[in-house]
Amino acid sequence: MIELTEVTKRFRGTRAPAVDHLTLTITDGEVVVLVGPSGCGKTTTLKMINRLIEPTSGTISIDGVDVTGLEPHELRRGIGYVIQQIGLFPHRTVRENIATVPRLLGWEQARVERRVRELAEITDLGADMLDRYPSELSGGQRQRVGVARALAADPPILLMDEPFGAVDPIVRAKLQDELLELQRRLHKTIVLVTHDIDEAIRLGDRVAILSVGGHLEQYAPPEELLRAPANDFVADFLGSDRGIKRLSLIRIADIDLEPGPVVPPGTDVERARAVMAEYDTDWVAVVEGDRMLGWVTDDRLDGRSTIDGVDLEPFLTRLTPDDTLEEALDAAISSHTAIAAVFDDERFLGMITVERISREIVR
Amino acid sequence: MIDFLGDVVAWFLDPAHWLGSGGILGRTWEHVQISAFSTVAAALVALPPAIWMGHRRRGGIVAVAVVNIGRAIPSFAIIALALPISIRLGLGLGFWPTFLALFALALPPMFTNTYTGIAEVDPALVEAARGMGMTESQITTRVEIPVAAPVIVTAIRVSAVQVVATATLAALVAWGGLGRFIIDGFAIQDNVMVFAGGLLVAGLAIATELGFAAFERRFVPSTASRSTSEDLLADVTVAPQHG
Amino acid sequence: MIAQVADQPFVRWDWIVDHVDDIWAATWEHIVLTAIAVGVGFVISLALSMLALRHRRTYGPITWVTGILYTIPSLALFAFLVPITGLTTLTAEIGLVSYTLLILIRNIVAGIDGVPASVRESAVGMGYTRRRLFLEIELPLALPVIVAGIRIAAVTTIGLVTITALIGKGGLGFLILRGLNLFYSPVGTTQIVVGTVMSVLLAVAVDLSLVGAERAMTPWARSRHR
Ligand SMILES: Nc1ncnc2c1ncn2[C@@H]1O[C@H](COP(=O)(O)OP(=O)(O)OP(=O)(O)O)[C@@H](O)[C@H]1O
Ligand SMILES: [Mg+2]
């Protein structure tokens, strides 16, 4: 656990503090994202944790131990550190770069080598890349080496300052996914700085929004930030589309599904048309128990008495409870009937409508 | 030590050491005279081709080679070679061998620094001038030379300081100059005169350096600032040889 | 005597053949004088550069003083030293060393300043101590600029060593000075030419070796073809 208590930093020769009485608790295994406009003190806050910057007042402790009581370089060897410019050592190969901290800690050669291979695999770096120099890598590969290097000695804490700031959006999205995947396996305590609110929402278990002068405006899980911004600054910073952003944080499993326009086999056509009218659709689905048999449009029912015997179409877009409302919205809109069906493997769970989703947005 | 310095002061206070053909004034004049002649002659010979080649941006390899070879030949060796050559040319001792040596010494840094200064004028600037309808010679005289002026003046300063320093050795080939006090002093083992000569030579070299620096500050607007590490790498080719 | 000079050969090959041992001895002395000067100069420069890097305010005075040393003609510097240290190797080396300082210090400081801030920050962030940062990160990365300085210093020193002939040392300069005293005879001109050619060859050889050494020590600076 990392605890910042009433931490203030005033740089020499400046009047306003860069960080002002900041109190923040980061629990083990969570990803905390510091986000805010340029110059609000994110980097300063991060660097005070590994003492690249010393606070003017206040205390910072890790697992109850005041960091000022430790030798700075020993403290730092136990904390992974990744910066935007990555800072790989140009005169050392990828292998040697990754091995930096283990070497500083005096690990024996065989153990270092094993660890390097392990990390190359975790961070998806081909074994043939290990003997290259950083200048022989792409931007995304360099960033992976930076992460591998930070993880090398298996530090419980990882500090990341705009780690994906220097790569293009496509690579960035991929690296973000990789980081989340990594975190599911490793359960590090990660403090990550960004000025991209979408990145913060995507990566953070909790997000701290700072304003210039190092004031903490709100510290909450992303869903709560988006649902209940503490003040106008936070609301502005989240953007006018924060309702839509929230959809990516809500899973279908989290909300109640509707049955949708469904009928059991043997239903007469009149009854089926009444169900369609109720949902304002021109189609109806046939469900037997929790088994979805398929759907059929209104016009195909002309001249029949029950729906049995018509050819049923399968659902092509199938949502699962793990999908987000953002994905559900996408599926529903593109189905042209504004309704999407949700399945758990073969089990039909219910339907989700655009109307239902929009109620989540305004909530 | 105190006694020794007292002797040096006394040496300077003796009017006999100042006047006459072998006095401080006469020797200084000889030193300045030959340095100025050689530097001006080298500038007249080196600058036109350097400017022309720089304008055409051709011959960079030649420029680098010239200065590197220049640096590799010891200035003492140039003086020593100049003497028999001068004699074979029928020019005799004294002025001519000294002039030939200093002239040869001043050429390389002058040529290369000037070439570099002109060749490194922003190509966009030259392009713009050409686009406005300037002739090639107008581009050279109205754009390239003014823009490269600080570098060219530096080139002349570097050569001049080196020439003043090396002119000290002229005493070896029977020319005068302030080096005489040192070399004659060595010969007769008169440490006071050696030391006094050292002071005079050092003073003149520093004065030359400072004089040029003052001139540059006063008259040459700086168009570029230097001293990044890349410049120091480039200095491999342009730093002066020492006399 | 002088009138007959024009008819005589400039270089007498038989003199060279007869004096191979002399020439080699002079060359070796030249190498030793140069190596000591550049070696000692480098150690002093490294110390002064570390001082300048740690306490920025000292950089101005350091370059000012070494700049003056660099501007003083070598013969004048020897003139100051001879009354104190006599016609000795020490006098020669003090003079030679003092000319290397400005070049080396400027290049060491600029080379280390040129290390990217991000590299330095991530090294410190990972727990490098100041000493290891300097030795393992900053110094290797500054190597190309530092070697450029050593090259200039070495080539300059090789030239200056010849002047130490005037205070009784000189290596190849001794040949040149002896030749100068016999300038009217082919034996004299031969020695001047031999001294000059050998010292140029020495400068070129040292320069090329330093380039080679730099390439060998900085494999990361080459773009390899894969
Ligand atoms: N070494 C320093 N000396 C003086 N002021 C500094 C120093 N470092 C940062 N500051 C100031 O402190 C404030 C916070 O800087 P910080 O680097 O923490 O901002 P940031 O939130 O990381 O911004 P960005 O998103 O632009 O990286 C800024 O006003 C900055 O100018
Ligand atoms: Mg920042």
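Before reading further, recall that the structure is shown in the block above.
Quick summary incoming for the structure in this document. (Residues numbered from 1 in each chain as written. Chains lettered and ligands numbered in written order. Predicted model: local features only at pLDDT ≥ 70, side-chain atom pairs only at ≥ 80, totals over all residues. Heavy atoms only, no water.)

### Considering the pattern of salt bridges
Counted only if it meets this: We count a salt bridge whenever a side-chain nitrogen from Lys or Arg sits within 4 Å of a carboxyl oxygen from Asp or Glu. Labels follow the DSSP assignment, with helices taken as runs of H or I lasting at least four residues and strands as runs of E lasting at least two, numbered in each case from the N terminus.
This structure, assessed with the given rule, holds 38 salt bridges over all chains. In this structure, the salt-bridge partner of A:R291 is A:E288, at a minimum N-O distance of 3.7 Å. For the salt bridge of C:E136 with C:R132, the shortest nitrogen-to-oxygen distance reads 2.8 Å. Highlighted residues: C:E136 and C:R132, both in helix α7 (residues 130-163), separated by four residues, approximately one helical turn.

### With respect to the interface of chain B and chain C
How big an interface is tends to be reported as the loss of accessible area on association of its parts. The criterion, for reference: Throughout, a residue-residue contact means that at least one pair of heavy atoms, one from each residue, lies within 4.5 Å. When two parts are put together, the accessible area they lose, computed with a 1.4 Å probe and summed over both, is reported as buried area. Identification of polar contacts relies on pairs of N or O atoms within 3.5 Å, with a donor-acceptor requirement for protein atoms, meaning one able to donate a hydrogen and the other able to accept it, and with residues adjacent in sequence counted only if both atoms are side-chain atoms. Under the convention adopted here, Pro, Cys and the residues Ala, Val, Leu, Ile, Met, Phe, Trp and Tyr are nonpolar, Asp, Glu, Lys and Arg are charged, and Gly plus all remaining residues are polar.
Taken residue by residue, the interface counts 45 residues in chain B and 49 residues in chain C. Interface area for chain B against chain C, summed over the two sides, is near 4,100 Å², with a carbon-plus-sulfur share of 81%. Summed over the shared surface of chain B and chain C, the result is zero salt bridges. Counting across the chain B and chain C interface gives one residue pair in polar contact (both at pLDDT 80 or more). Secondary structure elements with two or more residues in the side of chain B that touches chain C: α3 (60-72), α4 (75-88), α7 (136-166), α8 (179-188), α9 (191-219) and α10 (229-238) of chain B. For the side of chain B that touches chain C, the residue count by class is 34 nonpolar, seven polar and four charged.

### Examining the interface of chain C and chain A
Facing the 20 residues of chain C at the interface are 26 residues of chain A. The interface formed by chain C and chain A contains two salt bridges. Note that C:E136 and A:R92 form a salt bridge whose closest N and O atoms lie 3.6 Å from each other. In this assembly, chain C and chain A are joined by six residue pairs in polar contact (both at pLDDT 80 or more). Elements supplying a minimum of two residues to the side of chain C that touches chain A: α6 (117-125) and α7 of chain C. In terms of residue count, the dominant contributor to the side of chain C that touches chain A is α6(C) (seven residues). In terms of residue class, the side of chain C that touches chain A is made up of ten nonpolar, five polar and five charged.

### Section: the arrangement of the chains
Across the two pairs of chains in contact, the largest number of contacts is found between chains B and C. For the non-touching pair chain A and chain B, the nearest C-alpha separation works out to 17 Å.

### Let's talk about helix α6 (residues 123-131) of chain B
The backbone nitrogen of B:A124 lies 3.0 Å from a side-chain oxygen of the residue at the head of α6(B), namely B:D122. Just past α6(B), the residue B:G133 takes up positive phi, approximately 95 degrees.

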